[in-house]
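The lines below spell out each chain.
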Amino acid sequence: MSQNKFPSFNEQKVEYALLDWLADAGWNTYGGPDEPDGGVQLDAKHGRDDKSEVIYWELLREQLIALNEEVTDHNVDDVITSLRRDFAGDNLLEANRNVQERLRKGRQVNLSKPDGTSEKVIVDLIDHETPENNSLIAANQFRVRQDELVIPDVVLFVNGIPLVVTELKSLTQDSTVADAIDDLHTYEEDAPRLFAPVLFNIAADHEHARYGAVDAPETHYNPWQPDDPIGSHSELKEMAHSLLTPGTLLDIVKHFVFYQRQPGGNAKIIPRHMQYHGTNAILQRVSRGRFENGLIWHTQGSGKSFTMFFTARNLLYRPDIIKTPQVLILVDRQNLRDQMSDDLGKLIDFEHYDIVTDGADQLQSLIEEGQSQVVVTTIQLFQDIDENIQENDETVVLSDEAHRFMEAKLGSKLDNALHSYYHFGFTGTPVNENTEAGRNTFQHYSEPQDEEGYLHYYSMGDGIEDDVILPVHFELRHGNRDWEINDDMMDQAHEAATGDLDYEERDQLIRETINQQTLAELRPRVESIAEEIVHHYREKLAPSGWKGMVVTPSRKAAALYGEELQKHLDPEEVEVVISSAGRSDPITRTYHTSKSERERIVEEFKDEDGDPKIVVVCSMLLTGFDAPMLKTIYLDRPLTNHNLLQAIARTNRPAEGKQNGEIVDFAGVFAEGNVEEALNYYPPNVRKAAAEDVNELLDKFDTKLQEAIDLFDHIDIDDDPETVVECLTYLRKDVEARRRFKELYRDVENLYDTLAPMGELEDRDTGRPQKYSWLTQLHLAYQRSMNRESEPEKRLREKTKEIVENNVEVDADWLDEEFEVVEFGADHLERVRDMEAEQGITEVAGAADDYLDERSEHHPRYRRLSERVREVVDKWESDEVTADRAYEELVELEEEILSVEDEAEERGLSPSGHALFAALMDDGEEGFAEYIDNEDEAEFIAKRVDEEFVNRVDLSYSGWKTSKRTREDIQKLLLEVVAIEGEKPDLCKDDRFLDDAREYLIENYPDN
């Protein structure tokens, strides 16, 4: 069998595969290769003829009666009426929250009784305890019309309510997960009503899968790792057999959804896989009732706080786990308590918690009262409360950064106050068993059955692999840990004290008495490093809008850095965050901040558009501080182990366009031979994941760049513009090369952005700038030619633009002229007639795909033409026809595509009427030619429908396309014109005709 005969795993195949996997997971599936679309089947089965409806109300009606003893045929409409109000709403997140509340808790309704009285009843929409009691349906091609028509690939319905929307792509068709997420965002804008009841969306191709809450940005679409994988290479298949099983899905609906207040508007929070599995591991242990403990290591940035919140809420509201627990959340610092309080306060539906702000007396009272609620406090307060005061014998303690309690030996104070309790420790860094505190931590929290001492763990490497956190790279700006003594600088600082000593004696004295803090407070050194920081910030951070943090070993050093940086930058761009505690010199006092000032600075720093751009700190903001805009830490403090990992983690929070975090090391922490020393508490895998030498990335850049160039090793690469056409032709014909080219260019551009402005990248003797510039020019031509992007250069990173401008090997004017994006039409047709065959194929096929993309969804003639374009390109790609023949056929097809509007005008049909005419003449599976005797008959029906459509349907108001009245008016006129005037009653009995005809009329009616 030739390679060309192998079946392609296209987007539709991904769709069918998912339906098969969902069937194995317990869903009743509709749709497949040998049957109508699932949405069409369900619409016919459950009487959904209004595409603006997103609920199968008849199915839900049946299930409400089946699941609720009090609901009957007599009163079910009372429930439906209430639910219709709940499911409506203009604000997507607000409507989603309202529906989620109903799905989780049920709906309180006044139900009428046969005797004429009524009673208040909680009506369940879902049976959460026994998932198989629900109607569980997965269907493909479910159509919804609101502002626009959207057709997700597969939708999961529980009792007729859509809970999961999926959009699927195929890498073999040059589409990826990222494209699927973009489509989902478009769907949410075009048909928000569909997403009001949705729990989450899924975006996938046949290799990768991501899930994200409704209205979530791309950075919050995450992978799902099952606790018990089935061993598939397809992430989507694993997801179908774990996340999408009815039991897991309904468990999340019931117990794992938060809504959070955020500055830009509310956000929906659903669990990441480590949060879900970690929480359930704790719940399972508590449910055994043995007062056992557990240690949870979830790396910093993975959402450890939310794991604690999910755990706390499940403990409070699930009597099947524990009856009426008091849940204590312990931290070891007031700022962490305040942050925990702030985070809880932002959760809209989290109730029953108390923050201890009034000291040990308040804490003791709360423990003695023993109410079933969450209490947030610092561990230190237990030093000042009485022994054995516990009143609630169902107490669960969740300790944040638990290993620090062991270091401070605070665990014994907790034991004195509480006689019996479950204790679960959380840590963002792995515990070192080679230290006394580490051994004590494992001894206190771990149970014999815990693997490696942890009840559940999620490492830094796991987080990077999942894209939950970013990799961090370090750049050494200090060649040796011992500061090279500069005579002039040291003389200025110590002449008075050491003036009577000779050079060797003075040098020895300095080396014995000066530590890192002393060095960091020497102004000449601060001046020198501040200049480097400013240069780095201006070159690498400012162009992309990222921010930086300077970490110093003392408050005075912080003040000095602040003063120097403000000399070079706008003073408002630099803020120093230090406290006013203790004695201070005049310079330090200048930068003292109060708690409220620090809170203001932090909030303004998190604002991507606001000042400050750089904050200078000593010890503040190194723990529990999340600012995705922070990319770079300028480190002038010798941090090690846990403290170093905490600092690294400040830079690894994802943000759109951010590829990595960065440590610029002025303290020699990462000096050669000292990486292992700096992180000597931790095993090699932790050290490797923590931070990578930026110089090692240069090798990666070279490798990726060469791989991209090697894709074209069969082509003579030179500065001849025709070479670009030859390369594009190759990419058009080879889908795997096309996918690999896009993937490699993205990697190369990301690495260049990370490494710039290293001199090695711009050294022409290495060949790097020439290769990268050529590759970028090819990528620009690709974007214009195949993706029809008119100005792709605007999306280039700033540093890439610079290097291209300085190293262009292909004439840019020629590229602009040859690959100008011309609108599909007469001018475009004239333009392509003069092209060489292979370039013409690329140009016409790309332009036709772009022109037909939306039109083919709503017009049968355009759909047929789109299929024919694809057939011609496929034959050319598989060498079944020559380039000249394919080019000739594509030009003819472009002429035919452009003639569709002329044909409609010649027949006296509007675009809507012509779409109906095309459907009546279509002899394919989706057409209705079998009912029509001849072309004149089809034209007569189309013209009459066209006339009646304008006369009898009110088109004057903005919502007419989704109006129930519109739907009824169209159906009535179709029945009268087609069945009576056209004498085609059998056509109207076809379940598809009324739906399709109505859609053609509505979708093709011009908006203006």
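Now for a description of the structure that goes with this document. Each chain carries its own residue numbering, running from 1 in the written order of its sequence. Per-residue local features are limited, in this predicted model, to residues with pLDDT of at least 70; the limit for side-chain atom pairs, both in listing and counting, is 80 or more; totals at the level of whole chains, interfaces and linings are taken over all residues. Side-chain calculation: all heavy atoms of the structure are included, whereas hydrogens and water are not.

**With respect to the overall build of the protein chain**
Here is step 1 of the chain: The way it works is that DSSP assigns letters per residue, a run of H or I at least four long becomes a helix, a run of E at least two long becomes a strand, and they are numbered from the N terminus. Counting its regular elements, the protein chain contains 43 helices and 26 strands.
Here is step 2 of the chain: A simple rule labels every residue: compare its accessible area, found with a 1.4 Å probe on the protein chains alone, to the largest value its type can have, and call it buried under 20%, exposed over 50%, or partly exposed in between. Sorting the 1008 residues of the protein chain into buried and exposed places 57% on the buried side.
Here is step 3 of the chain: Note on contacts: a residue pair is in contact if any heavy atoms of the two residues lie within 4.5 Å. For the protein chain, contacts bridging at least 24 residues in sequence account for 71% of all contacts bridging at least 6.
Here is step 4 of the chain: Surface exposure here means Shrake-Rupley accessible area, sampled with a 1.4 Å probe, where a residue is shielded only by the protein chains that are shown. Counting only carbon and sulfur atoms, one obtains 41% of the accessible surface of the protein chain, whose full area is about 43,600 Å².

**A few points about the sheet that holds strand E22 (residues 574-577)**
Here is step 1 of the chain: Here we have seven strands laid out as an open sheet, ordered E22-E23-E21-E24-E25-E20-E26, and parallel in their pairing. Looking along the sheet, the strands with just one partner apiece sit at the ends: E22 and strand E26 (692-693).
Here is step 2 of the chain: Helix axes are fitted only over the stretch in contact, all axes being lines through C-alpha atoms; the angle between N-to-C directions runs from 0 to 180 degrees. Across the sheet, helix H24 (residues 595-606) lies against strand E21 (547-551), E22, strand E23 (614-617) and strand E24 (630-635), angled at about 135 degrees from E22, the strand it touches most. Here, a strand pair is defined by DSSP locating no fewer than two bridges between the strands.

**Notes on the side chain of Ser579**
Here is step 1 of the chain: Structurally, the position occupied by Ser579 is in the loop between E22 and helix H23 (586-590).
Here is step 2 of the chain: Setting aside anything within four residues of it in sequence, one finds Ser579 in contact with Arg555, His592, Thr593, Arg598 and Met620.

**With respect to the packing of aromatic side chains**
Here is step 1 of the chain: When two rings of Phe, Tyr or Trp (its six-membered ring) have centres within 6.5 Å they constitute a pair, described as stacked for plane angles under 30 degrees, edge-to-face for angles over 60, and tilted for the intermediate range. Applying the stated criterion across every chain, the model contains 37 aromatic pairs.
Here is step 2 of the chain: Taking 4.9 Å as the distance between ring centres and 80 degrees as the angle between the ring planes, the aromatic pair formed by Phe142 and Phe157 counts as edge-to-face. Taken as a pair, Phe142 in the loop between strand E4 (136-140) and strand E5 (144-145) and Phe157 in strand E7 (residues 154-158) lie far apart in primary sequence, 15 residues in all. Across the pair, exposure class does not vary: Phe142 and Phe157 are buried alike.
Here is step 3 of the chain: Within the aromatic cluster, the residues linked to one another by ring pairs are Phe200, Tyr211, Trp224, Phe256, Phe258, Tyr276, Phe306, Phe309, Phe310, Phe350 and Tyr353.
Here is step 4 of the chain: Each ring is checked for a lysine NZ or an arginine CZ that lies within 6 Å of its centre and within 35 degrees of its normal; such an atom marks a charge sitting over the ring. Looking at Arg84, its charged tip hangs above the ring of Trp57, at a distance of 4.4 Å from the centre.
Here is step 5 of the chain: Directly above the aromatic system of Tyr851 lies the positively charged group of Arg855, at a separation of 3.7 Å from the ring centroid.

**Focus on the nonpolar core**
Here is step 1 of the chain: Counting 120 residues, the largest nonpolar core has Leu64, Phe200 and Phe424 as its most contacted members.
Here is step 2 of the chain: What is meant by a nonpolar core is a set of buried Ala, Val, Leu, Ile, Met, Phe, Trp, Tyr and Cys residues, joined one to another through side-chain atoms within 4.5 Å. Core analysis: the next-biggest nonpolar cluster, separate from the first, contains 45 residues, Ala627, Leu639, Tyr682 and Ala689 among them.

**Quick notes on the sheet that holds E4**
Here is step 1 of the chain: Across the sheet, six strands lie side by side as E1-E4-E7-E8-E9-E10; this open sheet has mixed pairing. Looking along the sheet, the strands with just one partner apiece sit at the ends: strand E1 (28-30) and strand E10 (209-213). The average undirected angle you get between the axes of adjacent strands in this sheet is 20 degrees.
Here is step 2 of the chain: Pairing geometry for strand E8 (residues 161-168) and strand E9 (residues 200-204), over five bridges, is parallel. If you follow Val165 over to E9, its bridge partner there is Asn201.

**Observations regarding the side chain of Glu188**
Here is step 1 of the chain: Turning to its location among the elements, Glu188 is positioned in helix H6 (residues 177-190).
Here is step 2 of the chain: Although buried, Glu188 forms no salt bridge, and the nearest oppositely charged side chain, Lys268, lies 9.0 Å from it.
Here is step 3 of the chain: If we skip the residues at most four places from it in the chain, Glu188 touches Leu92, Phe195, Asn201, Val214 and Asp215. In this tally Asp and Glu are treated as negative and Lys and Arg as positive; neither His nor the chain ends contributes. Each salt bridge in this description consists of a side-chain nitrogen of Lys or Arg and a carboxyl oxygen of Asp or Glu lying within 4 Å of one another.

**Some points on the pattern of salt bridges**
Here is step 1 of the chain: Going through the model one piece at a time under the given rule, you end up with 75 salt bridges.
Here is step 2 of the chain: One salt bridge connects Glu401 with Lys304, and the closest N-O pair in it is separated by 3.5 Å. Taken together, the residues span a long stretch of sequence, with Glu401 in the loop between strand E17 (395-400) and helix H14 (402-407) and Lys304 in helix H11 (residues 304-317) at a distance of 97 residues.
Here is step 3 of the chain: Look at Lys304 and you get buried, because its relative accessible area is 12%.
Here is step 4 of the chain: Ionic contacts of the salt-bridge type, sharing partners, join the residues Arg861, Arg868, Glu896, Glu903, Arg907, Glu935, Glu939 and Lys943 into one network.

**Focus on helix H13 (residues 360-369)**
Here is step 1 of the chain: Of the residues making up H13, those classed as buried are Ala360, Gln362, Leu363, Gln364, Leu366 and Ile367.
Here is step 2 of the chain: Looking at the buried positions of H13, the neighbouring elements they touch are strand E14 (326-331), strand E15 (353-355) and strand E16 (374-378).
Here is step 3 of the chain: Positive phi shows up at Gly370, right after H13, with a value of about 65 degrees.

**Structural notes on the environment of Ala886**
Here is step 1 of the chain: Along the polypeptide, Ala886 turns up in helix H38 (residues 883-906).
Here is step 2 of the chain: In this structure Ala886 comes out as buried when scored by relative accessible area, which is 1%.
Here is step 3 of the chain: Separated by 10 residues in the primary sequence, Ala886 and Trp876 place their C-alpha atoms 6.2 Å from one another.
Here is step 4 of the chain: Setting aside chain neighbours within four positions, we find Ala886 in contact with Ile841, Val872, Trp876 and Val881.

**Focus: the pairing of E10**
Here is step 1 of the chain: Burial within E10 is extensive, with five of its five residues counted as buried.
Here is step 2 of the chain: Residues Ala209, Tyr211 and Ala213 line one face of E10 and the alternating positions Arg210 and Gly212 line the opposite face, and both faces are buried.
Here is step 3 of the chain: Judged from the five bridges that link them, E9 and E10 form a sheet pairing that is antiparallel. Paired with Ile202 across the two strands is Tyr211, which belongs to E10.

**Structural notes on the packing of helix H41 (residues 964-981) against helix H43 (residues 991-1003)**
Here is step 1 of the chain: It is at 10 Å that the axes of H41 and H43 come closest, and there the two elements cross at 115 degrees. Put simply, H41 runs roughly perpendicular to H43. Note on packing geometry: the crossing formed by H41 with H43 is right-handed. Along its contact with H41, which presents Thr966, Arg967, Ile970, Gln971, Leu974 and Val978, the element H43 presents Phe993, Leu994, Ala997, Arg998, Leu1001 and Ile1002.
Here is step 2 of the chain: The residue classification treats Ala, Val, Leu, Ile, Met, Phe, Trp, Tyr, Cys and Pro as nonpolar and Asp, Glu, Lys and Arg as charged. All others, Gly included, are polar. Looking at the contact of H41 with H43 residue by residue, the class counts come to eight nonpolar, two polar and two charged. Any angle that is under 35 degrees is reported as roughly parallel, and any over 145 degrees as roughly antiparallel; angles of 65 to 115 degrees are reported as roughly perpendicular and all others as oblique. Left-handed is the label given to a crossing in which the near helix is rotated counterclockwise from the far helix by less than a right angle, and right-handed is the label when the rotation is clockwise.

**Looking at unusual backbone geometry**
Here is step 1 of the chain: Residue Pro612 is reached from Asp611 by a cis peptide bond, and omega for that bond is 5 degrees.
Here is step 2 of the chain: A positive phi is found at Asp467, a non-glycine position, where the angle reads about 65 degrees.
Here is step 3 of the chain: With respect to the helices and strands, the residue Asp467 is situated in the loop between helix H17 (460-465) and strand E20 (472-476).
Here is step 4 of the chain: A relative accessible area of 46% means that Asp467 is categorised as partly exposed.

**Side note on helix H12 (residues 334-346)**
Here is step 1 of the chain: Across its 13 residues, H12 extends 18 Å between first and last C-alpha, which sits within 8% of the 18 Å expected from 1.5 Å per residue.
Here is step 2 of the chain: Within the sequence span of H12, burial applies to Leu336, Arg337, Met340, Asp343 and Leu344. With its buried residues spanning 125 degrees around the axis, H12 presents them on a single face. Expected helix span is computed as 1.5 Å times (number of residues minus one). Each direction from the helix axis to a C-beta atom contributes to the arc, which is the arc of those directions.

**Describing a negative patch on the surface**
Here is step 1 of the chain: Patch rule: a residue counts if its relative accessible area is over 30% and it has no salt bridge; like charges are joined within 9 Å, and nonpolar side chains (Val, Leu, Ile, Met, Phe, Trp, Tyr) within 5 Å. Charge positions are represented by NZ for Lys, CZ for Arg, CG for Asp and CD for Glu. Negative charge collects at one region of the surface, where Asp716, Asp718, Asp720, Glu722, Glu726, Glu836, Glu838 and Asp884 lie side by side.
Here is step 2 of the chain: Position of Glu836 relative to the elements: it lies in the loop between helix H35 (826-832) and helix H36 (837-858).
Here is step 3 of the chain: Note on Glu836: relative accessible area 59%, which makes it exposed.

**Overview of the pairing of strand E13 (residues 293-298)**
Here is step 1 of the chain: The buried fraction of E13 is high, at six of six residues.
Here is step 2 of the chain: The alternating pattern of E13 places Asn293, Leu295 and Trp297 and Gly294, Ile296 and His298 on opposite faces, both of which are buried.
Here is step 3 of the chain: Alignment of E13 against strand E18 (residues 422-427), held across five bridges, turns out to be parallel. Counterpart to Asn293 in the pairing with E18 is His423.
Here is step 4 of the chain: In terms of strand pairing, E13 meets strand E19 (residues 456-458) through three bridges, oriented parallel. The residue bridging Trp297 from the neighbouring strand is Tyr457, located in E19.

**Overview of the environment of Phe442**
Here is step 1 of the chain: Relative to the elements of secondary structure, Phe442 occurs in helix H16 (residues 436-445).
Here is step 2 of the chain: What makes Phe442 buried here is its relative accessible area of 15%.
Here is step 3 of the chain: Considering only alpha carbons, one finds Phe442 and Glu452, 10 residues apart in sequence, at a separation of 9.4 Å.

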